[in-house]
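Descriptive analysis of the structure
Each chain, letter by letter, is given below.
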Amino acid sequence: MKTQFGKGDILPFIFSLCLTYRKSLLTFQVFPVILSVFQREQKGGNHMAKQKLLLTFDTETCTIPVPESWNLTSNEKKKICIARPLIYDIGWTISSRSAGIIEKKNYLIAETFSVPSVFNTAYYKEKRPLYLEMRNNGEITIKPWYEVMEIFLADCERCDLICAFNEQFDLRAINFTELYINKLFSPNYQSWYENQVALCWKIAHQPYKKENDKDFDPLHFTFRNKQYKVMDIWGLACENIINTPTYKRACLEHSLISPSGMYFSTNAENVRRFIYKEYGFIEEHTALSDAEIETEILLKALKRGKKVEGIALFPFRKLGYVSDFIAEDNRITPAMAQNALDIL
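Numbers given for residues are sequential positions, taken from 1 along each chain in its written order. At least 70 in pLDDT is required for a residue's local features to be given in this predicted model, at least 80 for side-chain atom pairs to be given and counted, and no such filter applies to totals for whole chains, interfaces and linings, which use all residues. Excluded from the side-chain calculations are hydrogens and water; all other atoms, namely the structure's heavy atoms, are used.

1. Digging into the overall build of the protein
A tally of helices and strands in the protein yields 15 helices and 7 strands. Relative accessible area decides the class of each residue, using a 1.4 Å probe on protein chains only: under 20% of the type maximum gives buried, over 50% gives exposed, and in between gives partly exposed. The 344 residues of the protein split such that 44% are buried. Whether two residues are in contact is decided by their heavy atoms: any pair within 4.5 Å suffices. A separation threshold of at least 6 residues defines the contact pool for the protein, and within that pool the share at least 24 residues apart is 78%. For the protein, the exposed surface amounts to about 19000 Å²; the carbon and sulfur share of it is 55%. What counts as a helix is a DSSP run of H or I of at least four residues, what counts as a strand is a run of E of at least two, and both are numbered from the N terminus. Reported accessibility uses the Shrake-Rupley method at a 1.4 Å probe radius. Residues are deemed covered only where the shown protein chains occlude them.

2. Re helix α13 (residues 287-304)
Any helix carries an expected span of 1.5 Å times its number of residues minus one. For α13, with 18 residues, the first-to-last C-alpha span of 26 Å sits near the 26 Å given by 1.5 Å per residue. Among the 18 residues in α13, 13 count as buried, and that is most of the element.

3. Structural notes on the packing of aromatic side chains
Pairing of aromatic side chains here covers Phe, Tyr and the six-membered ring of Trp, requires ring centres within 6.5 Å, and sorts the geometry by plane angle: under 30 degrees stacked, over 60 edge-to-face, intermediate tilted. Summed over the entire model, instances satisfying the criterion amount to 23 aromatic pairs. Taken together, a centroid distance of 4.9 Å and an interplanar angle of 75° make the contact between Tyr263 and Phe316 edge-to-face. Note that Tyr263 is positioned in the loop between α11 (245-253) and α12 (268-276) and Phe316 in the loop between α13 and α14 (322-328), a separation of 53 residues in sequence. Cluster of aromatic residues (ring-pair linked, three or more members): Phe165, Trp234, Tyr263, Phe314, Phe316 and Tyr321. One Lys or Arg, Lys277, reaches over the ring of Phe274 and ends 4.2 Å from the middle of that ring. Only when the NZ of Lys or the CZ of Arg is both within 6 Å of the ring centre and within 35 degrees of the ring normal is a charge said to sit over the ring. The aromatic ring of Phe314 is capped on one face by Arg317, whose charged end is 4.3 Å from the ring centroid.

4. Brief notes about the side chain of Glu76
Inspection of the secondary structure assignment puts Glu76 in helix α3 (residues 74-83). Here a polar contact is taken to be a pair of N or O atoms separated by no more than 3.5 Å, where protein atoms must pair a possible hydrogen donor with a possible acceptor and residues adjacent in sequence count only if both atoms sit in side chains. Of note is the side chain of Glu76, whose polar atom sits 2.9 Å from the backbone nitrogen of Thr73. Setting aside residues up to four positions removed in sequence, Glu76 forms contacts with Asn71, Ala204 and His205.

5. What to know about helix α8 (residues 167-184)
Taking 1.5 Å of rise per residue, 18 residues should cover 26 Å, and α8 covers 25 Å from first to last C-alpha, within 8% of that figure. Those residues of α8 not exposed but buried are Glu167, Phe169, Asp170, Leu171, Ala173, Ile174, Phe176, Thr177, Glu178, Tyr180 and Ile181.

6. Quick look at the sheet that holds strand β7 (residues 226-232)
A strand pair is defined by DSSP finding two or more bridges across the two strands. The sheet built from 7 strands is open, its strands ordered β4-β3-β2-β1-β5-β7-β6 with mixed pairing. Edge positions in the sheet fall to β4 (141-143) and β6 (220-223), since each of these pairs with one other strand and no more. Here the strands of the sheet are splayed against their neighbours by 35° on average, with no regard to which way each runs. Direction of pairing for β6 relative to β7: antiparallel, over a ladder of 4 bridges. In the strand pairing of β7, Phe223 is matched with Lys226. On top of the sheet, helix α10 (residues 233-240) reaches β1 (54-62), β5 (161-164) and β7; it is set at about 35° to β7, its chief contact. In the packing of α13 onto the sheet, the strands contacted are β1, β2 (86-96), β3 (100-109), β5 and β7, and the crossing angle to β1 comes to about 140°. Angles here are taken between N-to-C directions and fall from 0 to 180 degrees, while the axes themselves are lines fitted to C-alpha atoms, restricted in helices to the stretch in contact.

7. Observations concerning the pattern of salt bridges
Note on definitions: salt bridges are taken to be side-chain nitrogens of Lys or Arg within 4 Å of carboxyl oxygens of Asp or Glu. Here the structure, examined in full by the defined rule, presents 15 salt bridges. Among the ionic pairs, Asp155 bridges to Arg158, the shortest N-O distance being 2.9 Å. Placement of both Asp155 and Arg158 in helix α7 (residues 145-158) is noted, with a separation of 3 residues, approximately one turn of the helix. In this structure Arg158 comes out as partly exposed when scored by relative accessible area, which is 40%. One salt bridge connects Lys318 with Glu239, and the closest N-O pair in it is separated by 3.0 Å. With Lys318 in the loop between α13 and α14 and Glu239 in helix α10, the pair connects residues that are 79 residues apart, well separated along the chain. With a relative accessible area of 36%, Lys318 lands in the partly exposed category. For Glu239, a relative accessible area of 36% gives the class partly exposed. Among the charged side chains, a salt-bridge network with shared partners connects Glu103, Lys105, Asp155 and Arg158.

8. Considerations on the confidence of the model for the protein
Within a predicted model, pLDDT stands for the predictor's per-residue confidence, ranging from 0 to 100. Averaged over every residue, the pLDDT of the protein is 88; the share at 70 or more is 83%. Across residues 10-15, confidence stays below pLDDT 50; counting only partners more than four residues off in sequence or on other chains, it has 8 contacts. Overall, residues 17-35 carries pLDDT values under 50, and its contacts beyond four positions in sequence, including any with other chains, amount to 10 contacts.

Printed below as a string of structure tokens:
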């Protein structure tokens, strides 16, 4: 076991050794070496204490229930889910560049997961039995929103950067869920809900611009009157890992193209597939599992290039257009080009 010394303990310790071994002729040869060893240990301990902690979180979301009589298409439902996300599952890791993942936490939100009419709006609503099994096994806990946020914010206070993959969406989900819960326990919930339903109709059927876009802060997450520095793993991965000919060829070979056929797919699932060359990998789409994957990507991205703090909008555009790459790269095979055409 290593002996632990406080900041002022080294010299008194050496002086006590001098008294013990004062008759030894080697005393003045040995003690400078001992002193240098302890100073090196002290310096190393201080370095570890200064390691930056990174909180990486992910959310799984549902949305506000709307009338079934609307008969929305899948794309219209998706637009509402993106604009009005309600969190039912949140998970996060705390990690450092040297130690990797240090802590993990995962919670289901009582006010959304436990209300069938709300949870059933989730894209992954079929995972409910999986969550119940996880709960029975002690892998996840159901707690009220306010309690979960107290735990989450306490961990945010400990960490230097708050990270997520496509972080703008996850931060929007936190803010809208906070608003929803506040309204849920207020006297004017019904009128607020009816107003939100009317807005959801516009979101689904008309071009819609979020009113508060002008207030978006790309460098900070502001919540309950506090600010936390952010770093989007999506942008970091586009900058440090996947903006390469090798990734783009892999996308063409394995049909990892955006639905429009214009851009290379850059989601967390495909970035992980590329890193580990496991192109059959499928995300679990539960919050903690996905947060662990995103932490892996984050730590690898930090090793491969500079740290890029903040949130850059549309980072996938850094990779350029699929058509331009096909025209310029002389290693594209007919089969790879055909894969791109098949998406269209």
